[in-house]
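# Summary of the model geometry
Listed below are the residues making up each chain.
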Amino acid sequence: MDKYIPNMYQRSIFDINYRKLKEKGIKCIIFDLDNTLLLVKENVPNKKVCYLIKKLKKDFNIYIMSNNSSKKRLNKAASMLKIPYISFAMKPLSFGFNKIMKKHNYKSQEMCMIGDQLMTDILGGNRANVFTVLVDALSKEELKLTSFNRFLEKRKLRKLENLGMFKKGDFYE
């Protein structure tokens, strides 16, 4: 059950204490795209996201890692943010994480995964032994596959809450 528990839980990407991540030795931050950086129906990041990423690039290597196979949409968002991306990452598998580790010679402890889903982002990051940060989804509107993941996630969340291990809405660093 521990593999579903994030190291940090915040309301949004704007509430994360990135200074703390840097102090922990994090060198690379990987963001999920859908409902973490962008709404599902958006193709480009808003000004607030662009500003945050620009600021973070001073201290971190930034990536987008998405299970989305739409390279056109990913490329558009990543190009605007001037950051690399990995599409069809197949999270919770660790292929994407391993690819970044190998390319930059990072240790898993130097990486952080930020996303809105326990079943993909957090489980995938924890399996790869990277620091994980869960954020609330930007919207309830989801892709079809995500809707199925959310169904599984709700069951897992109930179990975690009943065990006193994690509660959605109780934010922590």
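So, here is what we can say about the structure in this document.

## Things to note about the overall build of the protein
Each helix and strand in the protein was counted, giving six helices and six strands. Over its C-alpha trace the protein gives a radius of gyration of 15 Å, about what one expects of a compact globule, namely 16 Å for 173 residues. Burial statistics for the protein: of 173 residues in total, 50% are counted as buried. Sequence-distant contacts in the protein: of pairs separated by 6 or more residues, those separated by 24 or more amount to 70%. Counting every atom, the protein has about 9400 Å² of accessible surface; 52% of that belongs to carbon and sulfur. Of the charged side chains in the protein, 35 are positive and 17 negative; the average position of the first set lies 6 Å away from that of the second.

## Observations concerning helix H3 (residues 71-81)
Those residues of H3 that sit buried are Arg73, Leu74, Ala77, Ala78 and Leu81. One side of H3 carries all its buried residues, which in axial view fall inside an arc of 120°. Turned more than 90 degrees away from the buried face of H3 sit Lys71 and Lys72, all of them exposed. As for H3, its buried residues are in contact with helix H2 (47-56), strand S3 (61-65) and strand S4 (85-86). Of the residues flanking the end of H3, it is lysine 82, one or two places downstream, whose phi is positive at about 60°.

## Quick look at the sheet that holds S4
If you walk across this open sheet you meet the six strands as S1-S6-S5-S2-S3-S4, and the pairing is parallel. At either margin of the open sheet sits one strand with a lone partner, and together these are strand S1 (8-10) and S4. Relative to S4, S3 is paired through two bridges, and the arrangement is parallel. Its bridge partner lying in S4, isoleucine 64 is registered against tyrosine 85. Along the sheet, helix H5 (residues 118-127) contacts strand S5 (111-115) and strand S6 (131-135); its crossing angle with S6, the most-contacted strand, is approximately 165°.

## Quick word on the packing of aromatic side chains
Enumeration over the complete set of coordinates arrives at four aromatic pairs. Their ring planes at 50° and their centres at 5.3 Å tell us that tyrosine 9 and phenylalanine 166 sit as a pair that is tilted. Highlighted residues: tyrosine 9 in strand S1 and phenylalanine 166 in the segment after helix H6 (144-162), separated in sequence by 157 residues. Assigned by exposure class, tyrosine 9 and phenylalanine 166 land together as buried. Their ring planes at 75° and their centres at 6.4 Å tell us that phenylalanine 166 and tyrosine 172 sit as a pair that is edge-to-face.

Cut-offs used in this document
- Residues numbered from 1 in each chain as written.
- Predicted model: local features only at pLDDT ≥ 70, side-chain atom pairs only at ≥ 80, totals over all residues.
- Heavy atoms only, no water.
- Helix = DSSP H or I, 4+ residues; strand = E, 2+ residues; numbered from the N terminus.
- Rg over C-alpha atoms; globule rule 2.2 N^0.38 Å.
- Buried < 20%, exposed > 50% of the residue type's maximum accessible area, 1.4 Å probe, protein only.
- Contact = heavy atoms within 4.5 Å.
- Areas by Shrake-Rupley, 256 points an atom, 1.4 Å probe, with all protein chains shown as cover.
- Lys, Arg positive; Asp, Glu negative; His and termini not counted.
- Charge placed at Lys NZ, Arg CZ, Asp CG, Glu CD.
- Arc of directions from axis to C-beta.
- Pairing = 2+ DSSP bridges.
- Axes fitted to C-alpha atoms, helices over the stretch in contact; angles between N-to-C directions.
- Phe/Tyr/Trp six-rings, centres within 6.5 Å; stacked < 30°, edge-to-face > 60°.

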